[in-house]
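# Chains, contacts and geometry: an overview
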Amino acid sequence: MRYRHLTPVTLALGVVLLVDVLRVFLPAVITIFGQAASTPAELLGAFAFGWFLLALAAPALIRRVGARPVTLVAAVLLVVARLAVNGQPGGRLQLWLATAGLLAGLVWLAGVAAGTDRPVPGLALGLAVGALLHTVLDTYRSAFFGDWPAWLAVVGVAGLFLAGQVRPAPPAGAGGVRSWLLAGPALLLAGMVALSPAVARTAASYQFGLLRSDPADEGGVATVPLFGPAPLAVAVGGFLLAALAPPRRGAWRWLGPVALVGGAVLVALGRGELLLPAVLLTAVGLGACLASAGAADGRGDADEARAQVSDGGGPDPTRAVGGGQDAARAAGRRGYAAVAGMLVFAVAAVAYYSAYDLGHPNAGVPVAVAVLVAAVALATRPTPGPVRSPLPPVWTAASAAVLTLLAAVASDELLSATNRDGPPETVRVAAYNVRMGFGMDGRFDPDALARAVAGADVVALSEVDRGWLLNGGHDTLDLLAERLDMPYVFAPAADPLWGDAVLSRWPLDAARTRPLPAVGAPTGAQALGVTVDLGAGVRLAVVATHLQPPPGEDPVVQARAVADFAVRYAAGRPLVVAGDLNTEPGDPAFAEFTKAGLVDALAAARPLPTSPADAPRQQIDHVFVTPDLAAGDAAAPPGTASDHLPVAVTLTLPPA
């Protein structure tokens, strides 16, 4: 590798490791440090934000000790923590390992910033490579305990990263402050929207799903996508091409910022059908803004010094720009800029996701971050003459796009209904609140979720996450559907990435979703109706929902809305209503379903507590059916793959 390639490649590998640690740290704060439903959101946010704030001490430490020793030690600690996290999939040890890795990664980032004035190529490549690896490993195995491909990937990245740290970087110029300031915001926008395999797959499932929702539908549903996360290849290629190509000049400079802010606005609108254009616009706009911000980096004597080492020679420290004091001040500014950018990441992430506990508006958060990035890009005055990238833009972007497309095709499965002979005499129905895939010990384990509902023919899921960065950027629904080999229909409740789903071994049809009255609950709720085609003209109506009452209240208003919607949707057909209803037998909300003529399918097995999973006391997960469906063999299988137990019941269909 030529020396001028070494710095961006090493930075890219470090970014991959840091992002992986973040993908473990963020959900560990929610599920291990606290419980999202009971621990105050302010406490969770303060714990997470405190470690980013602590990293502000890193530039001062670097100035006293020196950038190189601090960077090397932090790099080793980052690698050790990353490897340790891969073998510790849950529990408090995972939380503290991820925390140590995060702090080491932030110190390493500040150290690299002190000695690097042209970070954009490395940052862009790192975000793209991370997206590629997460696609190859199906988003899940790369950040949690997995089989040999996961270990091979992390050991390979870590080894190359440490090897790149050994050789000193060329002397830095005075620039780079703006570029480093954008590192954190770029990481946030890439992880939330632009370069997330899970978000790309979800966007495709809204746009290219194999099942269309009912024309009368108000909210739109997502189904198994024909092309999986393939749109990510376009996003990765466009992002890298825009980030590595020479920045636009004149009025053309506005294209990138406008695209970025436009993509963020589409995200803020919260419509599933707008998610795909949001991904593509945000990716290209983010790359262009990074290129503009880096347009003034690496000027003057640093370019001349860099030229001396471009063919493999060592750097000449006597050529550092501006002498010792000026160089130290420039290094300090870059270090503080990198940490400040990561503080923006932390503040924005906490502000966005805490809204689902605290109830404040959050749609403007990605827009505000995009406006910040756009403003910094437009405020940068580009250098006269051409700006040469250490990485060839077209070749790098094309290679990354092709590899991402191959990874998307290889890692995705096209799911189809397996039970087509019928109609059957009985149908096994399960309802499960999966808590975004995280168990009581904080472990993300889709295999355990699949085992918990094994044998069911129809599954209603609550709290389904399809790409929230806070939860590690996993498409929990796709991972579970692949393990069950069951196609799905998904309906958004909070935003296009979080809601409820129905999976079935028989074909699904006529999907329809209705938003429920908020009644003070910040997360949002909906009712999803689907029709299961059991063959020979026999159809079963299924409605999945997750009632979200205000704290300390019974969800009477939402229960009444669901019961009314379900009866109208079934239109006389056999009907199942299932999900986490947050009400117990005898409560007013529970009675709303029986008033609508529905029967408690779990009555024969009661009491049947389902929450919390490790010591169940509350009966809040239910299955209601019309009287023509005979219920039997009701159960709540024990397990801690979520904070709820699933409920399952066998329904005997009425005579044809």
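Residues numbered from 1 in each chain as written. Predicted model: local features only at pLDDT ≥ 70, side-chain atom pairs only at ≥ 80, totals over all residues. Heavy atoms only, no water.

With that out of the way, let us pick up a nonpolar patch on the surface. On the surface, F208, L210, L226, F227 and L414 cluster together into a nonpolar patch covering about 490 Å² of accessible area. With respect to the helices and strands, F208 occurs in the loop between α10 (197-207) and β1 (222-223). Judged by its relative accessible area of 33%, F208 falls in the partly exposed class. (Patch = residues over 30% accessible without salt bridge, like charges linked within 9 Å, V, L, I, M, F, W, Y side chains within 5 Å. Areas by Shrake-Rupley, 256 points an atom, 1.4 Å probe, with all protein chains shown as cover. Salt bridge = Lys/Arg side-chain N within 4 Å of Asp/Glu carboxyl O. Helix = DSSP H or I, 4+ residues; strand = E, 2+ residues; numbered from the N terminus. Buried < 20%, exposed > 50% of the residue type's maximum accessible area, 1.4 Å probe, protein only.)

What follows covers the environment of L83. Mapped onto the elements, L83 comes out in helix α4 (residues 67-86). Among the residues examined, L83 registers a relative accessible area of 28% and is labelled partly exposed. Taking the C-alpha atoms as reference, L83 lies 16 Å from G130; in sequence the two are 47 residues apart.

Attention now moves to empty space enclosed by the protein. The tally for this structure, following the rule as stated, stands at six cavities of 30 Å³ or more. In this structure, the largest cavity spans a volume of roughly 200 Å³. Taken together, 17 residues form the lining of the largest cavity, with V19, H134, A190, G191 and L195 sitting closest to its centre. Among the secondary structure elements, those contributing two or more residues to the lining of the largest cavity are α1 (3-33), α6 (120-136) and α9 (183-194). No other element matches α6, which puts five residues into the lining of the largest cavity. The class makeup of the residues in the lining of the largest cavity is nine nonpolar, seven polar and one charged. (1 Å grid on protein atoms, 1.4 Å probe; cavity = no way out; pocket = protein on both sides within 12 Å on 5 of 7 lines; lining within 4 Å. Points joined across faces, edges and corners; volume = space filled by probe spheres on them. Nonpolar A, V, L, I, M, F, W, Y, C, P; charged D, E, K, R; others polar.)

Here we take up the packing of aromatic side chains. Summed over the entire model, instances satisfying the criterion amount to 16 aromatic pairs. Their ring planes at 55° and their centres at 5.1 Å tell us that F438 and F444 sit as a pair that is tilted. Here the two residues F438 and F444 agree in accessibility, since each one is buried. Through pairs of rings, three or more aromatic residues link up here, namely Y352, Y353, Y356, W468 and W498. Here R466 stacks its cationic end above the ring of F490, 5.3 Å away from the centre of that ring. (Phe/Tyr/Trp six-rings, centres within 6.5 Å; stacked < 30°, edge-to-face > 60°. Lys NZ or Arg CZ within 6 Å of the ring centre and 35° of its normal.)

Glycine aside, residues mostly have negative phi angles, and peptide bonds mostly take the trans form. With an omega dihedral of 5°, the bond running from R606 to P607 counts as a cis peptide bond. Within the secondary structure, P607 is located in the loop between β10 (599-600) and β11 (621-625). Look at the link from S611 to P612: it is a cis peptide, with omega at -10°. When you line up the elements, P612 lands in the loop between β10 and β11.

Before going further, it helps to spend a moment on the confidence of the model for the protein. For the protein, the mean per-residue pLDDT works out to 88, and 91% of the residues sit at or above 70. For residues 300-322, every residue scores under 50 in pLDDT, and the model assigns this stretch 42 contacts once sequence neighbours within four places are set aside. (pLDDT = per-residue confidence, 0-100. Contact = heavy atoms within 4.5 Å.)

Within the open sheet, the seven strands sit side by side as β1-β4-β5-β3-β2-β13-β12. Their pairing is mixed. Edge positions in the sheet fall to β1 and β12 (630-635), since each has one partner strand and no second. As judged from the six bridges shared by strand β4 (residues 488-495) and strand β5 (residues 498-504), these two strands associate in the antiparallel manner. Bridging from a neighbouring strand, P492 pairs with G499 of β5. Sheet strands touched by helix α20 (residues 476-484): β3 (458-465), β4 and β5. Its angle to β3, the strand with the most contacts, is close to 155°. (Pairing = 2+ DSSP bridges. Axes fitted to C-alpha atoms, helices over the stretch in contact; angles between N-to-C directions.)

Its 19 residues place the ends of helix α7 (residues 148-166) 27 Å apart at the C-alpha level, agreeing with the 27 Å of an ideal helix rising 1.5 Å per residue. Every buried residue of α7 is accounted for by A150, V154, V157, A158, F161, G164 and Q165. The buried residues of α7 occupy one face: seen down the axis, they fall within an arc of 130°. In α7, the exposed positions that point more than 90 degrees away from the buried face belong to W148, L152, L160 and V166. (Expected span 1.5 Å × (residues − 1). Arc of directions from axis to C-beta.)

On to the packing of α6 against helix α11 (residues 231-244), then. At a minimum axis distance of 9 Å, the contact between α6 and α11 shows a crossing angle of 170°. Accordingly, the angle class assigned to the pair α6 and α11 is roughly antiparallel. Here α6 contributes V120, P121, A124, L125, L127, A128, A131 and T135 to the contact with α11, which in turn contributes L232, V236, F239, L240, A243 and L244. (Parallel < 35°, antiparallel > 145°, perpendicular 65-115°, else oblique.)

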